[in-house]
Amino acid sequence: MGGGWLRVGAAVLACAAAAAASVAFRVHAVGTGPVADAARANRPVSAEIVLTGDPRVLPPKGTGFRGESVVADARIEALETAGARYAVRAPVLVFASGGAWRGLLPSQRLKVSGRLAPAEEGELLAGVLLVRGTPETLTLPSAIQRAAGVLRAGLRSASDVLPPDQRGLLPGLVVGDVSRMDEHVRADFRTAGLAHLTAVSGTNLSIVAGAALALGRLGGMPLAVRAALAAVAMVAFAVVARPSPSVLRALFMGLVAAVALGTGRSRDGVAALSVTVLGLVLFDPALARSYGFALSVCATGGILLLAPRWRDRMAVRLPRWLAEVITIPLAAQAAVTPVLVLLAGQLSPVAVPANLLAGPAVAPATLLGFAATLLAPVHLEAARLLVRPAGLATGWIIWVASRAAAQPAASVPWPGGLAGLALLAVAVALLVAVLRHPVGRRLGPALACGALVAVFALGPAVSSWPPGRWLLVACDVGQGDALVVAAGPGRGVVVDAGADPLLVDRCLRDLGVQEIPLLILTHPHADHVGGLAGVLRGRTVHAAAVGHPAPGTPEGNLPASGTTDPSLPASGTTDPSLPVSGTTDPSLPVSGTTDPSLSASGMASGSLPASGTAEGRLYADLARRGVPVTPVTAGTRWRFGPSDITVLAPYGDAVPAGAGEGAQANNGSVVVHVRWASGSALLSGDIETETQAELVRRGVPRVDVLKVPHHGAARQDPAFLAATGARAALISVGAGNDYGHPAPVTLARLGLQGTRIHRTDLLGDIAVVDEGDGLAILTRGTVHDLANS
């Protein structure tokens, strides 16, 4: 017995030594040589690179108006710097921009120019290559990569018949191609514990290998030939799906199993997994610090070691097939939870039920997607016939993910790092101790069911968010603005969209906003319009109001503000004694004109800003999304539900230029005065001192709540801040931003005039609520009564 443990210990030490030696050799290789030296010196270079992975388009941080950013894995094979040329083989990470990178495939050789910079500490890379300009293509992809590219492109083309969220997910399920996956779906998958479905792994390779074995049996091939055919099929599929950590893990385990099958030896899953992990770490030491590889290995280990035991115990009271269905995702989730705690510092209670519900749809979607992938290069229309039912399956998976992610306890915060891991170990030990006791086994499930009912059934009913009588909400969208004005049940006027579609969508979802009668975009800066896709996701937007057009736009071409309903009073005045014009009838445009020269977007055909300007791109983006657009100027008015909205700026004359880049666009922001029966607010966009002074000159209304301009930047006119008379100030700002917002001088000015400050970076979402005889500010758990401020 003792000798057996000694042999095991010796084997473990030998494996650890081999892995350490492999890592040491790789660290030395990437840390020395011309590429590493140039990276440490941040030197400009010209290089010939070979792509080792597909270029990946990064999610836009703004509106997408600038060139798209791209990241790609590559290998430098020739380096020119300071008049010298070197032949090298050094792995690098490439950052670039521009559409020329789309369509490039692994194995292509390119010539690029740019600058080398050091890689992040711990990365097994010689450096990071920041590319300037367009790459020059030196060679075509290899024949294998061309074939893989054709198959991947064929599936994408066949999927075009599906709705956008389904067409992005299906290639991810089948071949791991997430290039078109909707960011909201991606976020829901992460929260619901379903992200592994788009990481091609054992399930996909099992389907491929099973199909190859079945064909071999039909053809009367001997066992060894069938095993070889399965191995070839798995390798080919790995090329199409790209060798990600989960693909490599599944491929090597599959090859070990194929060898065992072909030689007639017994198949030991744990031994195959062990050999796979050791071989891959020796081959590519970078996998040792890959969370994706760790999650894949842990999930497989959980299924191999935990699931059979749990299944046998459950099978005493449940049918064996049902016990297996339950224990497989449960064991996988239990095994990956320690890694998730280290990675994200949270637990996902909805992961197991979400996987149970989504699981039955994965196989049909994957099988039909495989068939469509093979058929698309030959007959695209036939492939699309297969894709349609696959879309139904992916639609179900997306629905499960969205419902799971929307639950109040979809993700539970947990301490991260080693401390969180230790706390998790203690919690598991206590749970095991409780469940081993007969009383604990009876009380445990009852308490768990009670907790689930409390969280999922009673939680939404007693939750204080959203507040029942909210009138205005400043959404926590990081460094940017996104505000929602109440417009009736399930409706809200959205003022700006922030920079991140996920954050603004989350805020609107929490508020229950499904219909947007009016979207006001104060000015076309990324931190105000970059989240537009999140506003539009699953919601009806009747019209968008945009501020001052681009400089040089003929003012005479602007359509008249107001409404086409002849029964409503004419708009165009800020006199508070006049009735507020507009309509809440969703069948009518919010603002517009009967001028027959109007284009389909609702704007005069001759007044569109130049397409090269930010304003022009914003108009084009809204038109592409099917949102009618109307420009607005001071005096435009609407009424929606409890809210009367009046535009105070911009004026019809020229917008002040201001100081600094972007100041003119800031000064052209739409400024709106919102009135309710119990108070009022001023939403001021990013206006700077020049427009603030003009508002004071023309007469700024006194309000209860001021949305401080430009995230509390230093350029504030003290006379403007004082003229508003606001008792509460909302500052929408991102934590730890690089701009120094809010500026200490602005906070001091507001404090000296007695204005209470509420910041989204400190408080999260902030709501202005109707208290009957006045307004109150409500954050999640805190109420400030403005009447007593």
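Before reading further, recall that the structure is shown in the block above.
Scope of this entry: the structure provided in the associated data block. What you are looking at is a predicted structure, and each value in this text was computed from that prediction instead of being measured.

For the chain, the helix and strand inventory stands at 25 helices and 26 strands. In the chain, which comprises 789 residues, the proportion classed as buried is 46%. Partitioning the intrachain contacts of the chain with sequence separation of at least 6 by distance along the chain shows that 68% fall at a separation of at least 24.

To continue, consider the environment of V745. Structurally, V745 is set in helix α24 (residues 744-752). For V745, a relative accessible area of 37% corresponds to the partly exposed category. Measuring from C-alpha to C-alpha, the distance between V745 and G712 comes to 9.2 Å, with 33 residues separating the pair along the chain.

Before going further, it helps to spend a moment on the state of the cysteines. Under the criterion given, the structure shown has 1 disulfide. What pairs with C475 in a disulfide is C507, and their sulfur atoms sit 2.1 Å apart. Taking the sign of the S-S torsion, -70° for the link of C475 and C507, the bridge is left-handed. Highlighted residues: C475 in the loop between β9 (470-474) and β10 (483-486) and C507 in helix α17 (residues 501-511), separated in sequence by 32 residues. The same class applies to C475 as to C507, namely buried.

Glancing now at the sheet that holds strand β18 (residues 643-649). Here we have 7 strands laid out as an open sheet, ordered β17-β18-β19-β20-β21-β22-β23, and mixed in their pairing. Of all the strands in the sheet, just β17 (637-640) and β23 (756-759) have a single pairing partner and so form its edges. Neighbour-to-neighbour, the strand axes of the sheet open up by a mean angle of 20°, direction not taken into account. Two strands pair when backbone bridges link them, and strand β20 (residues 679-683) and strand β21 (residues 705-707) are joined in this way by 3 bridges, in the parallel orientation.

Pairing analysis gives 4 bridges linking strand β4 (residues 84-97) to strand β6 (residues 127-137), with the strands arranged parallel. What sits directly across from V92, in β6, is G127. The sheet contact formed by strand β5 (residues 109-117) and β6 spans 7 bridges and is antiparallel. Within the sheet, the bridge partner assigned to G114 lies in β6 and is V131.

Pairs can form between side chains of opposite charge once their charged atoms are near each other. Applying the stated rule across the entire model yields 35 salt bridges. One salt bridge connects R109 with E77, and the closest N-O pair in it is separated by 2.6 Å. A residue pair is termed long-range when its members are at least 10 positions apart, and R109 in strand β5 and E77 in strand β3 (residues 69-81) qualify at 32 residues. The closest approach of N and O atoms between R539 and D505, which form a salt bridge, is 2.9 Å. On the criterion of sequence distance, the pair formed by R539 in the loop between α19 (532-536) and β14 (540-541) and D505 in helix α17 is long-range, its members being 34 residues apart. You'll find R539 and D505 in the same group, each marked buried.

A word on the nonpolar core. Grouped together as the largest cluster of nonpolar side chains are 52 residues, with contacts concentrated most on L169, L170, F189, L194, L197, F237 and I397. Those elements giving two or more residues to this core turn out to be α3 (143-158), α4 (164-175), α5 (183-192), α6 (202-218), α7 (223-241), α8 (245-263), α13 (351-375) and α14 (380-405). When residues in this core are grouped by element, the largest group, 9 residues, is from α14. Grouped together as the second largest cluster of nonpolar side chains are 34 residues, W465, V529, V546 and Y619 included.

Rules and cut-offs
Residues numbered from 1 in each chain as written. Predicted model: local features only at pLDDT ≥ 70, side-chain atom pairs only at ≥ 80, totals over all residues. Heavy atoms only, no water. Helix = DSSP H or I, 4+ residues; strand = E, 2+ residues; numbered from the N terminus. Buried < 20%, exposed > 50% of the residue type's maximum accessible area, 1.4 Å probe, protein only. Contact = heavy atoms within 4.5 Å. Disulfide = S-S within 2.5 Å. Pairing = 2+ DSSP bridges. Axes fitted to C-alpha atoms, helices over the stretch in contact; angles between N-to-C directions. Salt bridge = Lys/Arg side-chain N within 4 Å of Asp/Glu carboxyl O. Core = buried A, V, L, I, M, F, W, Y, C linked by side-chain atoms within 4.5 Å.

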